[in-house]
Amino acid sequence: MARAPGAAYRGRFAPSPTGPLHAGSLVAALASWLDARAHGGRWLVRIEDVDTPRCLPGAAGTILGQLAACGLRPDEPPWYQSERGAAYADALQRLRDAGLAYDCGCTRRDIELHWLARGQPHTADAERVYPGTCRPGAGGAGLQGRPARAQRFIGEGVVHWQDRRLGAQQQDVAVAVGDFVLHRADGLWAYQLAVVVDDAAQGITDVVRGEDLADNTARQILLQRALGLPTPRYLHTPLVLAADGRKLSKQNGAVPPDLSRPAAAQHALQAAGAVLGLPPLPAAGVAEWLAQAVRAWAGIIAAFPTFSDPP
Ligand code: GLU
């Protein structure tokens, strides 16, 4: 379902509270805020704290404080995914009722052995495609007496979508990832399900986030279609790269920007803005910098590829 043209813009920044914001996540925060303001829309913050073992106590508060220091204040109270389990369970049940989700008894090792037996050793960073072992009916063998561990979605279909910055995109989900996890073996909700349920529940019209998440979009569109939910527009922003050429992350040394004084916050915003293509803005203070940045961003997005909404 495409969203009705002209639906009032609602954007969001959806950090996982695994630590404070760093230069890379500040780019995604700033881009989503600028895009909402440039469209006269609303900007929300959603704390994606579903992966509890990876969450750091206090990090959500730290992130909200860092955003406030940069003048980025959500228009509505933040949502916390840890409080949304009932909505995810309801969506999963609907997918199961529709025959689109099933119990999986495979361990990571089972999946690995499947591919090794077919002469396909693991390559670093590549996500293993689920071979469909437990898929019920034709194509799979079901649980075969093993206990259910995770629940998976039947990931089939070539998905085409338009990214506002990257242009036309497509992914064959069966080839890229196969049937993907909705509810994990450790009892936690998977990002793909939580993000789709919450983007719809919050009426998000525009997802603006880092390019490292672009290849999740096809899975999310499949889930939206299966649940009868609208598909937002997507814009994936450039990434900040670490010295090793990889995406900047806490794992390769990202440190939180200095936001201790307004001048430092403005400096951090300027650095994040440069990644987005903003010119240096000679503003006297954070509020003025943000106002100038909204105008500059409006010029940048006007030059993005144009497209019509998919049917
Ligand atoms: N929580 C995800 C992350 O921090 C972002 C999810 C999204 O923007 O869709 O990587």
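Residues numbered from 1 in each chain as written. Predicted model: local features only at pLDDT ≥ 70, side-chain atom pairs only at ≥ 80, totals over all residues. Heavy atoms only, no water.

Caption draft 1: Looking closely at the pairing of strand β7 (residues 167-172). Two strands pair when backbone bridges link them, and strand β6 (residues 158-163) and β7 are joined in this way by six bridges, in the antiparallel orientation. In the sheet register, D163 faces β7, and the bridge partner there is G167. Connecting β6 to the next strand, β7, in antiparallel fashion are three residues. (Pairing = 2+ DSSP bridges. Helix = DSSP H or I, 4+ residues; strand = E, 2+ residues; numbered from the N terminus.)

Caption draft 2: Quick peek at the sheet that holds strand β5 (residues 150-153). Taking strand neighbours across the sheet as the criterion, the three strands line up as β4-β5-β8 in an open arrangement whose pairing is antiparallel. In this open sheet, the two strands that pair with only one neighbour each are β4 (101-104) and β8 (180-183). The average angle at which neighbouring strand axes cross in this sheet is 45 degrees, direction not considered. Docked against the sheet, helix α3 (residues 85-97) engages β4, β5 and β8, running at close to 100 degrees with respect to β4. (Axes fitted to C-alpha atoms, helices over the stretch in contact; angles between N-to-C directions. Contact = heavy atoms within 4.5 Å.)

Caption draft 3: Up close: the site of the ligand. As a structural note, the neighbourhood of the ligand is formed by R12, A14, P15, S16, E48, Y191, V195, R209 and L213. Contacts to the ligand include Y191, whose side-chain N or O atom sits 2.8 Å from an oxygen atom. When the ligand sits alone it has 300 Å² of accessible area, and the protein chains cover 80% of it. (Near = heavy atom within 4 Å. Polar contact = N/O pair within 3.5 Å; in protein donor to acceptor, adjacent residues only side chain to side chain. Areas by Shrake-Rupley, 256 points an atom, 1.4 Å probe, with all protein chains shown as cover.)

Caption draft 4: Just the pairing of strand β2 (residues 42-47), in detail. Counting buried positions along β2 gives five out of six residues, so the element sits mostly inside the fold. Two elements, strand β1 (residues 10-13) and β2, share four bridges in a ladder whose sense is parallel. Following the sheet pairing, G11 is matched in β2 by W43. In terms of strand pairing, β2 meets strand β3 (residues 79-80) through two bridges, oriented parallel. (Buried < 20%, exposed > 50% of the residue type's maximum accessible area, 1.4 Å probe, protein only.)

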